[in-house]
Amino acid sequence: MWRLQNRLLCIALCGAVGCSYITERNVKNLGSRILSLIPGYTLFEAFEAGKNVSNSRAGLTEEEEYYLGRAVAARIMSIYPPLEDAELNSYLNKVAAVAVAFSDRPETFEGYHVQALDTNEVNSLSTPGGFLFVTRGLLQILQDEDTLAAVLAHEIGHVQTRHGMKAIDEKNISQVLSLAGKTASALNCSELGQQLALAFRGSVDDVFNFLEKGYSRDQEFEADAQAIDILGPSGYDASALITALEQLSLAGANQSKRWLSSHPATADRIARVQEAQKGTAFIPSSRAPRVERFQKVMGQIGHAAKTH
Amino acid sequence: MKAYRLCLAFALSALFVSCVSAYAEDKMSVQIKSAKLRADASHLGRSLSTLAYGDQVNVISEDAGWYKIKTVKGLEGFLHRTALTTKKIVFRSSTPGSVQAEEADLLLAGKGFNKEAEQDIASKDPSLNFAAVDRLERRKVEDNELAEFMRAGGLHVAPTE
């Protein structure tokens, strides 16, 4: 009897030890410590093995992703001028803030920001770090606030799954990592700074070219799924995503091809969204209170716009 | 009998070590520019304080993507997991409270994806519209504005099934 009690106590204690230690964070931390002991695996990469950065591209931090996203955003707005309409941009940012509050990645280094672009082209875009763009052409075909929320939630989906970051070419990443493995004595600071700046410019090109070329179909499906997960609990009608896809598809026939390929509103995509919605138990709130404010803001778009 | 005692002693020691180790692992750092400490585990929860990039916090518990944390000043509240990292934040020497380091190490800490890289790319391509990026970043939606916007639009302030 005494032996049995001791045996059970030992088993229970060992179990408790195991359970208390094997949390996800502890495992990752342990992994990073082990990796940091490997020659060439620098402290920076070891840090990145932590939970919250594990899905970053090549271990880039939130801050690094932010600077990359800023540069891509600056390039987008060098091609398409921003639509400087304070009321419109404020409204867009509020709709996006609702969606962000219900997303899986509500925090980015500097937060999410939306900007309307002054072009007739119909599209929406996002860059790493949370810079979202919607064109005047798109805003003018959207039906209501819920379809706008669906478009923004889709773009937030791309940001939270870091699709843009995945476009960075391995050569730029490997250059950064190889440099990160060197010590101060191996390279002089000037040379190091130049090579890192080169990698930064290359990475900006990678992400921008990727946005021009368009996301893969799987990435679009993934962002759609994220959008449904965001819209449901927020009170927006998740079925508005189907309406938005249909409107984009219809508008696409008469638009420039530039960037439009990033949103192929295929029947497949709509079917998948319909299927995903069957699994949601969220009941959307009435759209009525949101209709008037949408129409009020959209009705004034033309005043600040210069046609491009 | 002896083996069981040995096993018991080992298990107790391991439990003590794991508790100490788990405590040490519960320190995390703020990985975003500024993070609002919330009274509830929700982005719509009341803001108690604002934590700065690199601030260290002690994690008390974790649930559904939210950490209950305690600041160095003893304030308790909630931060979303995406605001925190287990990694140590290395600051530049010009940043208040920063850690001194060799210049090359600092460059590497930012991997070249930093303000200096942005200035470099801007000087090589003056058409890049960073001024517009700065303007759009200045647009913020305050908590009370968002709450009013959601209320007026009949949106949910918390998930409703």
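Please read these numbers as outputs of a predicted model, since none were measured by experiment.

Bringing the packing of helix α7 (residues 145–160) of chain A against helix α10 (residues 217–234) of chain A into the picture now. All names here are of chain A. In contact at an axis separation of 7 Å, α7 and α10 are set at 120 degrees when each is read in the N-to-C sense. Considering the angle they form, α7 stands oblique to α10. Once α7 is placed against α10, the crossing between them reads as right-handed. Between α7 and α10, the residues in contact are A149, A150, A153, H154, I156, G157, H158 and Q160 and Q219, E220, A223, D224, Q226, A227, I230 and L231, respectively. Considered class by class, the residues forming the contact of α7 with α10 number eight nonpolar, six polar and two charged.

Another point: the confidence of the model for chain B. All names here are of chain B. Averaged over every residue, the pLDDT of chain B is 81; residues scoring 70 or more account for 68%. Ranking the elements of chain B by mean pLDDT puts helix α2 (residues 103–109) last, at 52, and strand β6 (residues 76–80) first, at 98. This model gives residues 19–24 a pLDDT under 50, and the stretch forms two contacts once residues within four places in sequence are excluded. In the model, residues 93–102 has pLDDT below 50 throughout and makes seven contacts with residues more than four positions away in sequence or in other chains. Predicted complex metrics record ipTM = 0.78 and pTM = 0.78.

What follows covers the pattern of salt bridges. Residues and elements named next belong to chain A. For the structure shown, the criterion picks out 30 salt bridges over all chains. Note that R162 and E65 form a salt bridge whose closest N and O atoms lie 3.2 Å from each other. One end of the pair, R162, is in the loop between α7 and α8 (170–180); the other, E65, is in helix α4 (residues 62–79), with 97 residues separating them in the sequence. Between E220 and R269 there is a salt bridge, with its nearest N and O atoms 3.8 Å apart.

Attention now goes to unusual backbone geometry. Even without a glycine there, the phi angle at R162(A) is positive, about 55 degrees. Relative accessible area serves as the criterion here: at 4%, R162(A) is assigned to the buried category. Phi is positive for A64(B), close to 50 degrees, though the residue is something other than glycine. By the secondary structure assignment, A64(B) is in the loop between β4 (56–63) and β5 (66–71).

Summarising the element assignment, H43(B) is placed in the loop between β2 (34–38) and β3 (47–52). Overall, the relative accessible area of 13% leaves H43(B) in the buried class. For the pair H43(B) and K140(B), spaced 97 residues apart in sequence, the C-alpha separation works out to 15 Å. Beyond its immediate sequence surroundings of up to four residues, H43(B) is in contact with A101(A), P106(A), E107(A), R38(B), W66(B) and H80(B).

The tally for this structure, following the rule as stated, stands at seven aromatic pairs over all chains. Judged by centre distance (6.0 Å) and plane angle (70 degrees), the ring pair of Y91(A) and F149(B) falls under edge-to-face. Highlighted residues: Y91(A) in helix α5 (residues 86–101) and F149(B) in helix α5 (residues 143–152), drawn from two different chains. Of the two residues, Y91(A) and F149(B), neither departs from the other in class, the shared state being buried. One aromatic cluster in this structure is built from Y66(A), Y67(A), F109(A), F131(A) and Y53(B). For the cation-ring pair, R75(A) lies above F208(A), with the distance from its terminal atom to the ring centre recorded as 5.2 Å.

Residues and elements named next belong to chain A. Taking 1.5 Å per residue as the helical rise, α7 with its 16 residues ought to reach 22 Å, and the 22 Å between its terminal C-alpha atoms agrees with that figure. By the criterion of burial, α7 is predominantly enclosed, with 16 of the 16 residues buried. Measuring from the side-chain oxygen of the N-cap residue of α7 to the backbone nitrogen of D146 gives 3.2 Å; that N-cap residue is D144. In the segment just after α7, R162 is the residue with positive phi, at about 55 degrees.

All names here are of chain A. An order of β1-β3-β2 is seen for the three strands of this open sheet, with the pairing classed as mixed. Across the chains shown, the open sheet's two edge strands, defined by having one partner strand only, are β1 (113–117) and β2 (124–127). Each adjacent strand pair in this sheet contributes to an overall mean axis angle of 20 degrees, direction not counted. Packed onto the sheet, α4 meets β1, β2 and β3 (131–135) and runs at close to 20 degrees relative to β3.

We now examine the packing of α10(A) against helix α12 (residues 267–278) of chain A. Helix-helix packing: each pair is described by the crossing angle between the helix axes and the interaxial distance. Residue and element names in this part refer to chain A. Two elements in contact, α10 and α12, have axes whose closest approach is 10 Å; the angle formed by their N-to-C orientations is 35 degrees. In this structure, α10 crosses over α12, and the sense of that crossing is right-handed. Residues R217, E220, F221, D224 and I228 of α10 lie in contact with α12, whose contacting residues are D268, R269, R272, V273, A276 and Q277. Counted by class, the contact of α10 with α12 contains four nonpolar, one polar and six charged residues.

Cut-offs used in this document
- Residues numbered from 1 in each chain as written.
- Chains lettered and ligands numbered in written order.
- Predicted model: local features only at pLDDT ≥ 70, side-chain atom pairs only at ≥ 80, totals over all residues.
- Heavy atoms only, no water.
- Axes fitted to C-alpha atoms, helices over the stretch in contact; angles between N-to-C directions.
- Helix = DSSP H or I, 4+ residues; strand = E, 2+ residues; numbered from the N terminus.
- Parallel < 35°, antiparallel > 145°, perpendicular 65-115°, else oblique.
- Left-handed = near helix turned anticlockwise from the far one by under 90°.
- Contact = heavy atoms within 4.5 Å.
- Nonpolar A, V, L, I, M, F, W, Y, C, P; charged D, E, K, R; others polar.
- pLDDT = per-residue confidence, 0-100.
- Salt bridge = Lys/Arg side-chain N within 4 Å of Asp/Glu carboxyl O.
- Buried < 20%, exposed > 50% of the residue type's maximum accessible area, 1.4 Å probe, protein only.
- Phe/Tyr/Trp six-rings, centres within 6.5 Å; stacked < 30°, edge-to-face > 60°.
- Lys NZ or Arg CZ within 6 Å of the ring centre and 35° of its normal.
- Expected span 1.5 Å × (residues − 1).
- Polar contact = N/O pair within 3.5 Å; in protein donor to acceptor, adjacent residues only side chain to side chain.
- Pairing = 2+ DSSP bridges.

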